[in-house]
Structure formats: structure tokens, C-alpha cells
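Coordinate inspection notes
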Amino acid sequence: MRALIAIAVFGRVLAAECEPSRLGEKETLARFQQLDQEAQAAFEQKQYAVAARHYREAACLVPKSARAFYGLGTAEAAAGNFPAAREALESADALLSGNVMPLTMLVRVNVAMKDIEKVKGVLRSAATRFPNNAELHSGLARFLAENQLLDLALAESLRFEQTGTSDAESAVALAALENTVGAYHDAIRTAGAVTNDPAAPDAIKASAAGVAGLSYESIGRRDEAIQQLKLAIQRAPAQENSYLALAFLYEKSKKFGDAVQVLEQARQRASETPAVLLALGNNLVWAEEYQRGEAVLNELLQKDSSIAEAYVRLSEAYRSTNRPDLEMQTLQKLARVKPDYPMVHVLTAQVMLRMDPVDYNGVLQELARAEKATPNDADVFYLRGKAYIAQNRLSEAITALKRAIELRPVDSGAYYQLGLTYRKLGRAELAREMLQRVEYLKQAPGAP
Amino acid sequence: MTRRELIFLPGACSMLGQALASSEPQNLSFPLESIDGRLTSPDQFFVRDHFSEPELSIRTWRLKIEGRVSRPTELSFADLLESPTKKLEAVLECAGNRAGGSAVSNGLWEGAPLANLLQDTGVDRDAAMVVLYGGDSGRVMDTSPTLPYCQVVPLAKCMRPESLVAFKLNDRFLPRKNGFPARALFPGWYAMDSVKWLQRIVILGPHERASDFETSRMNEVYNRIVASNSGERKITRLSELLVKSAIAWPGDQSKLPAARHMIRGFAWTGSSRIRVVELSADGGRTWSPATLDHPAHSFSWIRWDFAWDAKPGEHVLMSRATDDAGRQQPLVRDPARKDGYELNFCAPVRCFVR
């Protein structure tokens, strides 16, 4: 019935293009074979439009030929003519309903057309007609995952798993998908089965342990996450990701020394990629091992000068060791490499205000740049107010500080500076009012 | 009073709050102040469990649809993922959420339209009601037997285009506490009908009784009780959300400096759309319109803000929402109401300004 409908529908489309044939049965067969050979040859030479023309003619000659429609569909798809490819493949599928090839191609064509509802329709049909075809469902899962259609990849992985032919590698792929989509308990169960499988190779077990570690972390079971990631490292010491993941968990627990240890191991046993160096540099700084941290971060920036986070951490190291010159230079480099990095000008202005002597005009210029980037940042006006106070430009300071208060009315800093300014101007009543607000805000639970 | 009975008490959503975060069943809510943007992040979504959360697997999860249908069906999670789906933004509110309370959240949901799933099974023409069962079970009252959580919803609501079997929240699969792997979602209705961990749907004929619903005594909770002057009590089932708003910032009893402050909050309603939100800084004597952050949509909440020039003194802030259907939040609770649900009156927020 499906075949009849497909022929009726596509037949109408073809009929308009097909010239009536006057060939007899034998000549029709010979002509069909010739067209088929010519189409294949054109396809192999990547002349897809020519191949499509031959297949189309073949389909006109033999409208019940699934081969002609399938060939037409693949040629049209290769030529990038997806609507025509879909029509031909639907006909091929209807004519060849026991074969998975037209369905598989239909999924690819619908994915290329970004027609997800159609993709789902084809997948439902595949599930109904070929529930136990493991190769079909695993192949579809892989293809859909490659195309970032993770929900559908998960669905096909589940269908594959239900065929009962899943192996350790596919199980890890399923666990990774389950983890990615947030099915953490499922991911832990699936990965656990692999790590406990004595026949699974070490590299696969390591991946499974890594997935389990990430899933445990996502459900807030950090100890088990750490245990799994250690297992992953033990099973496959050359896999960098497990070290990075484990170090990240230590970092989140503020165990920076442990993170450093793990990342040093990664450097020795796995690789010295920018990701490892950045994580190591970060954790050395947070562990207050500034000298080593600076060395690692500088080494990283020599390899790749575009890593913004490395500049930020390096400036943090210089700030912590009271070297404002180096801190400012680092932030200025960051501003050159990433001019739109959030708050870079405010950070630079803050450093400049800590230098001795302070270049107030430089500070104001930096704040003007900051205001251009973020015109409603209360910090810009607060710092500007402080710079004006230092320059004794008190009425300008008042304007800036009032703006800071308008933008962030529950921050006591601006009131304090405003109070000092009023005091300098001899306006004692206003000064007292502002300083009282500072006290009031310190007790207030209403601040956001 | 048992803990379970406490949970079923109207208003318990807010009373329990985070204090019971680690115990089962979970009851969590988070200050509205902490919500950035329009959507509530899954980790801040309110939770009000009735029984312990079941541990379900997407491998073994099935949704049975049976009863007055010509083709009883059992869907796998893969079937659900490969069904036509729909995305919509919708607010969920606990029926017992107090005025100004935070047992309310707004999410972007994705799922299969329930109408499609029911139509595929060939629902009988005379079907009227639908029983939805969750994967969690327990005793509603001390005297009732252990049964799965279930609710009864009219078929007409199930067939509405917005009603879903949802499996995603804010583009991620549902967290376990929010009904993983799939839950019912009835936008515009109080949250108890949006059954979490959905596993079974039974279609009832016009004269059939929902025996589990009655035996479990679930039919005795989530009811509106209105007393007449003669003392007679009229009991009806809760369903559609009432129009409501809440002030997210400042919090009650806040101490603020005299300055211009941006008051902000949320407003929502059932089947209609929010038309206006007003703010009073004098306990409801005078009102001024707040600014709505974006055009109002059916079923989702709306953010609003109001620039308030706070002068020294004690102030009582209140917000009041009105929807397109002309419904407006009352200033006080209807004294005829004898239950503790649908608490949508304007909640006072006291502020001390110096």
C-alpha cells in the first residue's frame, strides 16, 4: 500500500518530466541497464547532476524500480538538491520497505535540510520496522551524535541497547550521551557496568570511569567523582581529560595543592597542552605558589598569547605579591589582546590607583574607556569619584559619586566617599548624613 | 500531626522551605530575588514532593496509556524523544504558595503534546476524565493505603495544545527532583496536576470513578472550600491559576538608604495574560504602574520593575497584577474561603528607609 501511494505521489511528479516510452520490454530493460551504468559512472566521477539525470530517466522507464529511485535520491543529495533527494528516497523506501538503506539516507537528507520533525518521523518508522537491527540503530546514533542531535542520538542508542547486542564501546558512548543530556543516574549505571566488565579494554574502562566521575559530580557526590577520575587516570595515564577533570574538582573544593599535584602528573604522563598549563598556572597562583605560577603562565602566553584568563591570573599573582607595575602591564596587554574583555579597564584603573605616585589623569582616561564599554557600571563612577577627590575636583567627585549611588544604592563605599567629600567642603550636616547611611547599611539586611 | 500531613497542609510549600532540603520528600524553594532573567534555573526551581523521589531509568521507563482507548500503548523514552515535540514557557505554582511566596517558578519546557499521544491511542468518544500516575508512591494520610501519586484532570484540559508530557526544562533534561525522565505539564494550572515521574495515564468514561484517587484520599486535598452566609460549605477542585504578583526585591523588613531604588518582581496568571502591574508604597492607598520588562505571554510569568524614590520613614510596599480577563489581585483574602490555597492577595513588604 505504501509503495502504491509513493508511486502515485512521486509518479505524478515524474510523469510531468517523463516522455512516454515506445520501447518494448526487452529494449526497456537494456536501456535501463545502460542508464544505470552511466549514472554510476557519472556518480563515481562526482558528476552528480548528470547521474541524477540518468537515474531520473531510468525511473521514468521503470517506475517500480527501487534501485532507480534510490540512485536518484543519493545523486540528488550529493548534488545538494535535498528536496528532490527526499522525494526520490521516500519512493525508494516505499518500494523497498524491507531494506534499511533508503531510511538511512532519508535521515541524512532530512538532517541536511535541518527538518528535525521529518528526521523524527523517519526514526519512528525505523523503530517500528526494524526494532532489532542493531547495526541500523547504532549507525544512526553515531551519525546523529556527530551532527549534535544528541536527544535523537540518545534515542537511537537506547534502541540499539534494547537489541541486546551492545558492546563496551557502545555502552561508553551511551553513558557519555546520558551524561551530556543530564541523565546522570543512568550514565553512572551504564558506565559502572563497563568498569566492572573484566573483558573491557583499559582505555574503554578509563573513559567509562571518566564519564561516571563527571556524572557523580553533577549530582553532588564529589568523593565518588574523585574516586572514579583517579580510576580513569590509573587505567589510561595518557588521557589528559581525566587529569583536567580531577584537578577541576579539587579546584572547586579549594584544594589547590592537590590540583597542582594532579596537573604536574598530567604534564609528565600525558601532555603539556594549553589547557593543562592554564589549569596548572591558575592553581599554582591560588595555592600561593606565585613564582612557579608566573613561570607556567608566562610559558603558556609565549605559546599562545590570546588566552585572556592567563593574563588575569598573572595580574592576580602580581597583585598578591605587591608588584603593581607588572600587574598594570599585564592588564594593558590583556586590553590589547582582548579589548572587549569584561572590566579590563576598571581593573586597570584600580591598579593605577594603588601605584605611587598615582597618575590620576591616566586613571580618568582608563575610566572613560570603561564607561564607553559599560556605561552603567557603578564601579566606573565610584573610582572616578575617588580620582576627582584626590585631584581636589570636589564638585565633579560629588557628581560621579551620586551617579554611583544611583546605580548601586545599597553599596556603602560611595556613601563613605561622598561623606568625606562633603566634609572637605565643610558641609558637615550632609557629611554626617552620608556617614550615618554607611553605618545603617552595614546593619541592613536589605542589600541585594 | 505527621510530617506527611504537614506537607499536605496549604501553605506548607513556603513553611517548609529549605529547612528540609536534605530530607525526603523534598520541599525546596528559593528567594525570588536570586532569579536572574525570565527563566528560573533548574537548580532554583521550587520542589514540592508528596512522597520520596523514585529512581527511574531512561532505559526501563515506560509510559502506559490505557483505559477508554482503542489501542492501549506503552511508550519508551526513545519513543518520546522521537515524537513531535513542542516548546513553551510556563509558570508552575504550588497551590498553597503563600502571598508573596516563592513556591513558584517559570521554565522553558519541551515535550510531546499530550493530545497527540492520546489521539494515537484512539480515545473513546465518551471519555471525560484522565487519571495521571506518577512513579512515586506513599500514603496521603495516615489512614490511607500506600498508592502511587495520582491526579485526575479533565480530558478537555489534556487535549489543549499547551498540555505536554514534558522531558526538558530550560533545554536540559528534567532534573530528577523535577520529574525525570518525564512529567505532565498543564500550563495555567496549579502544579499538583503536573504529575512528576509520569508513568501511567488512564482514560475514564463518563461514569467511571478514579478509584486510586479516591482510595488514597487525594480527592480530599487541593480543594477550594467556600462557606456561604448560612454556613454551608461548597467544595470544588482547584485548577486554573489565579492572577498574582510578588515583590522579589526588596525583601520584607529591609533597611534601605534614602535613594532611588529599583523594586522588582514577577506577575503571572492562568489562561490569560498580565495586562498591568501596579506598585503601592503606602500599604495599598495609592497605586502607580510598574514597567513590564517584556510583552506578556500566556502561561509564563512576567518580570516588572518600579523606580521608587524612597524617602526616610517606614513604608509598606505592595504589588498588584491585573490580567487581560480583568481579574485583579485582591487586597485581602476572601473571608469566605475556608481552605489555605490560592493565596493571591497583595502581600505587604515592610521597608525602613533612612
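Here the residue index of a chain counts from 1 through its sequence in written order. Naming scheme: in the order in which they are written, chains are lettered from A and ligands are numbered from 1. For a predicted model such as this one, the threshold for reporting local features is a pLDDT of at least 70, and the threshold for listing and counting side-chain atom pairs is 80 or more; totals across whole chains, interfaces and linings nevertheless cover every residue. The basis for every side-chain value is the complete set of non-hydrogen atoms in the structure, without hydrogens or water.

Here we look at the overall build of chain A
Worth spelling out the cut-off: Helix and strand assignments come from DSSP, with helices taken as H or I runs of at least 4 residues and strands as E runs of at least 2, each series counted from the N terminus. Between the two quantities, the radius of gyration covers C-alpha atoms and the globule rule is 2.2 Å times the number of residues to the power 0.38. Burial classification: accessible surface area is computed with a 1.4 Å probe over protein chains only, and a residue below 20% of its type maximum counts as buried, one above 50% as exposed, and the rest as partly exposed. For this analysis, residues touch if any pair of their heavy atoms sits within 4.5 Å. Where accessible areas are quoted, they stem from the Shrake-Rupley method and a 1.4 Å probe; at the residue level, only the protein chains shown are allowed to cover.
Secondary structure summary: chain A contains 25 helices and 0 strands in total. Taken against the 2.2 N^0.38 rule, which gives 22 Å for 448 residues, the C-alpha radius of gyration of chain A at 34 Å runs more than 25% over that of a compact globule. Across its three principal directions, the C-alpha atoms of chain A cover 110 × 55 × 45 Å. Across the 448 residues of chain A, 49% fall into the buried class. Contacts in chain A between residues far apart in sequence, at least 24 positions, make up 48% of those at least 6 positions apart. Carbon and sulfur atoms make up 50% of the accessible area of chain A, which amounts to about 22000 Å² in all.

Overview of the overall build of chain B
The criterion, for reference: We treat Lys and Arg as the positive residues and Asp and Glu as the negative residues; His and chain ends play no part in the count. The atom standing in for a charge is NZ when the residue is Lys, CZ when it is Arg, CG when it is Asp and CD when it is Glu.
The helix and strand inventory of chain B stands at 6 helices and 23 strands. A globule of 354 residues ought to have a C-alpha radius of gyration of about 20 Å, and chain B, at 21 Å, matches this closely. Seen through its principal axes, chain B has C-alpha atoms that stretch 70 × 50 × 40 Å. For chain B, the proportion of its 354 residues judged to be buried stands at 57%. Of the contacts formed within chain B by residues at least 6 apart in sequence, a portion of 70% connects residues at least 24 apart. Counting every atom, chain B has about 13800 Å² of accessible surface; 50% of that belongs to carbon and sulfur. In chain B, 45 side chains carry a positive charge and 41 a negative one; their mean positions are 3 Å apart.

A word on the interface of chain A and chain B
Heads up, the condition is: A quick way to say it: buried area is the sum, across both parts, of accessible area lost when two parts are put together, with a 1.4 Å probe. A side-chain nitrogen of Lys or Arg and a carboxyl oxygen of Asp or Glu constitute a salt bridge if their distance falls within 4 Å. N or O atoms within 3.5 Å of each other form a polar contact, as long as, within protein, one can give a hydrogen and the other can take it, and as long as residues adjacent in sequence are counted only when both atoms are side-chain atoms. As a working rule, the residues Ala, Val, Leu, Ile, Met, Phe, Trp, Tyr, Cys and Pro are called nonpolar, Asp, Glu, Lys and Arg charged, and the rest polar, with Gly in that last group.
Tallying the contact residues gives 38 residues for chain A and 34 residues for chain B. In this assembly, chain A packs against chain B so that about 3000 Å² is buried in total across both faces, 51% of it on carbon and sulfur atoms. Inspection of the chain A/chain B interface yields 5 salt bridges. Ionic pairing is found between A:E161 and B:R59, a salt bridge with its closest N-O pair at 2.9 Å. Here chain A and chain B share 17 residue pairs in polar contact (both at pLDDT 80 or more) between them. Broken down by secondary-structure element, the contributors of at least two residues to the side of chain A that touches chain B are helix 7 (116–129), helix 9 (150–162), helix 10 (168–181), helix 11 (184–195) and helix 25 (428–443) of chain A. Residue composition of the side of chain A that touches chain B, by class: 18 nonpolar, 8 polar and 12 charged.

Details of the packing of helix 8 (residues 134–146) of chain A against helix 9 of chain A
All names here are of chain A. Stated formally: Angles here are taken between N-to-C directions and fall from 0 to 180 degrees, while the axes themselves are lines fitted to C-alpha atoms, restricted in helices to the stretch in contact. Here the word oblique covers every angle except those under 35 degrees (roughly parallel), over 145 (roughly antiparallel) and from 65 to 115 (roughly perpendicular). Helix crossings are classified by the rotation of the near helix relative to the far one: an anticlockwise turn of less than a right angle makes the crossing left-handed, while a clockwise turn makes it right-handed.
Look at helix 8 against helix 9: their axes get within 8 Å of each other, and the N-to-C directions meet at 160 degrees. Taken together, helix 8 and helix 9 sit at an angle that is classed as roughly antiparallel. When the axes of helix 8 and helix 9 are compared, the crossing they make is left-handed. Taken together, the residues of helix 9 that come into contact with helix 8 (itself represented by A134, H137, S138, L140, A141, L144 and A145) are L150, L152, A153, E156, S157, R159 and F160. Split by residue class, the contact of helix 8 with helix 9 holds 9 nonpolar, 3 polar and 2 charged.

Description of the pattern of salt bridges
Residues and elements named next belong to chain A. One pass over the full model with this rule turns up 61 salt bridges over all chains. Of the charged contacts, one joins K303 and E299 as a salt bridge, the two residues approaching to 4.0 Å between their closest N and O atoms. With K303 and E299 both in helix 17 (residues 290–303) and 4 residues apart, this pair spans about one turn of that helix. The exposure class assigned to K303 is partly exposed, which follows from its relative accessible area of 48%. You can call E299 partly exposed: its relative accessible area is 26%.

So, helix 25 of chain A
The following threshold applies: Here a helix's expected span is defined as the number of its residues, less one, multiplied by 1.5 Å.
Between its first and last C-alpha, helix 25 of chain A extends 23 Å over 16 residues, near the 22 Å set by a 1.5 Å rise per residue. Tucked into the core, helix 25 of chain A has its buried residues touching helix 24 (412–424) of chain A together with strand 16 (254–256) and strand 23 (349–353) of chain B.

Quick notes on empty space enclosed by the protein
Residues and elements named next belong to chain B. How we decide: Definitions used for this entry: grid spacing 1 Å over protein atoms alone; cavity, a set of points where a 1.4 Å probe fits but cannot get out; pocket, an open set with protein on both sides within 12 Å along at least 5 of 7 lines; lining residue, one with an atom within 4 Å of a point. Grid points are joined across faces, edges and corners, and a volume is the space filled by probe spheres set on the points.
Under the counting rule described, the total for this entry stands at 3 cavities of 30 Å³ or more. Of the volumes computed, that of the largest cavity is approximately 220 Å³. Around the largest cavity, the lining comprises 20 residues; the ones closest to its centre are R48, H50, R183, A191 and K196. Class assignment for the residues of the lining of the largest cavity results in 12 nonpolar, 3 polar and 5 charged. Put simply, the second largest cavity is a space of about 50 Å³. Contributing to the lining of the second largest cavity are 13 residues, with T269, R273, I274, H297 and S300 lying nearest its centre. Of the residues in the lining of the second largest cavity, the class split is 6 nonpolar, 6 polar and 1 charged.

Structural notes on the side chain of B:N106
All names here are of chain B. Note that N106 resides in strand 6 (residues 104–113). On the basis of relative accessible area, N106 is assigned to the buried category, the value being 0%. Among the polar contacts listed, one links the side chain of N106 to the backbone oxygen of R38, at a separation of 3.1 Å. Discounting residues that sit within four places of it in the chain, N106 has contacts with R38, L39, T40, F45, E89, A90, V91, F299, S300 and W301.

Brief notes about the packing of aromatic side chains
What counts, and what does not: Pairing of aromatic rings covers Phe, Tyr and the six-membered ring of Trp, with a centre-to-centre limit of 6.5 Å; geometry is then stacked below 30 degrees between planes, edge-to-face above 60, and tilted otherwise. Only Lys NZ and Arg CZ are tested; either one counts as a charge over a ring when it is within 6 Å of the ring centre and within 35 degrees of the ring normal.
The tally for this structure, following the rule as stated, stands at 12 aromatic pairs over all chains. Taking the centre distance of 5.1 Å and the plane angle of 70 degrees together, the rings of A:F43 and A:Y48 count as edge-to-face. Residue A:F43 is classed as partly exposed on the basis of its relative accessible area, which comes to 29%. Geometrically, the ring pair formed by B:F266 and B:W301 is stacked, given 4.0 Å between the ring centres and 25 degrees between the ring planes. Note that B:F266 is positioned in strand 17 (residues 260–268) and B:W301 in the loop between strand 20 (291–292) and strand 21 (302–309), a separation of 35 residues in sequence. An identical accessibility class is assigned to B:F266 and B:W301; each is buried. Ring pairs connect the aromatic residues B:W61, B:F77, B:F167 and B:F173, which therefore count as one cluster. Above the plane of the ring of B:Y133 lies B:R200, whose end atom (NZ or CZ) is 4.6 Å from the centre. Here B:R320 stacks its cationic end above the ring of B:W287, 4.2 Å away from the centre of that ring.

Section: the sheet that holds strand 17 of chain B
Residues and elements named next belong to chain B. Let me state the cut-off plainly: Being paired, for any two strands, means DSSP has found at least two bridges between them.
With antiparallel pairing, the 4 strands of this open sheet are ordered in space as 15-17-21-20. The strands lining the two open edges of the sheet, one partner per strand, are strand 15 (244–249) and strand 20. The sheet contact formed by strand 17 and strand 21 spans 8 bridges and is antiparallel. The residue bridging I263 from the neighbouring strand is F306, located in strand 21.

With respect to the confidence of the model for chain B
Residues and elements named next belong to chain B. What counts, and what does not: Scored from 0 to 100, pLDDT reflects the predictor's confidence in each residue.
Considering every residue of chain B, the mean pLDDT works out to 91; 94% of them sit at 70 or more. Note that residues 1–23 has pLDDT below 50 and, in this model, 52 contacts with residues that lie over four places away or in other chains. For this predicted complex, the interface confidence reaches an ipTM of 0.88, while the overall pTM sits at 0.84.

Thoughts on unusual backbone geometry
Here the amide bond leading from B:F180 into B:P181 is cis, since omega sits at 5 degrees, within 30 degrees of zero. Tracing the chain through its elements places B:P181 in the loop between strand 10 (172–173) and strand 11 (183–185). Across the junction of B:W249 and B:P250, the peptide omega takes the value 5 degrees, indicating a cis bond. Of note in this structure, A:N392 is not a glycine but carries a positive phi near 65 degrees. Tracing the backbone shows A:N392 in the loop between helix 22 (378–390) and helix 23 (394–407). Despite not being glycine, B:W197 shows a phi value in the positive range, around 50 degrees.

Here's the deal with the nonpolar core
Basically, it comes down to this: In these notes, a set of buried Ala, Val, Leu, Ile, Met, Phe, Trp, Tyr and Cys residues joined through side-chain atoms within 4.5 Å is what counts as a nonpolar core.
By size, the foremost hydrophobic cluster in this structure holds 116 residues, and its most contacted members are A:L144, A:L154, B:F77, B:W109 and B:I201. If near-sequence neighbours (up to four positions away) are discounted, B:I201 is found in contact with B:L63, B:K64, B:I65, B:E66, B:L114, B:L118, B:V130, B:V131 and B:L132. In terms of nonpolar packing, the next biggest core, distinct from the first, is built from 110 residues, A:A349, A:L383, A:I389 and B:W304 among them.

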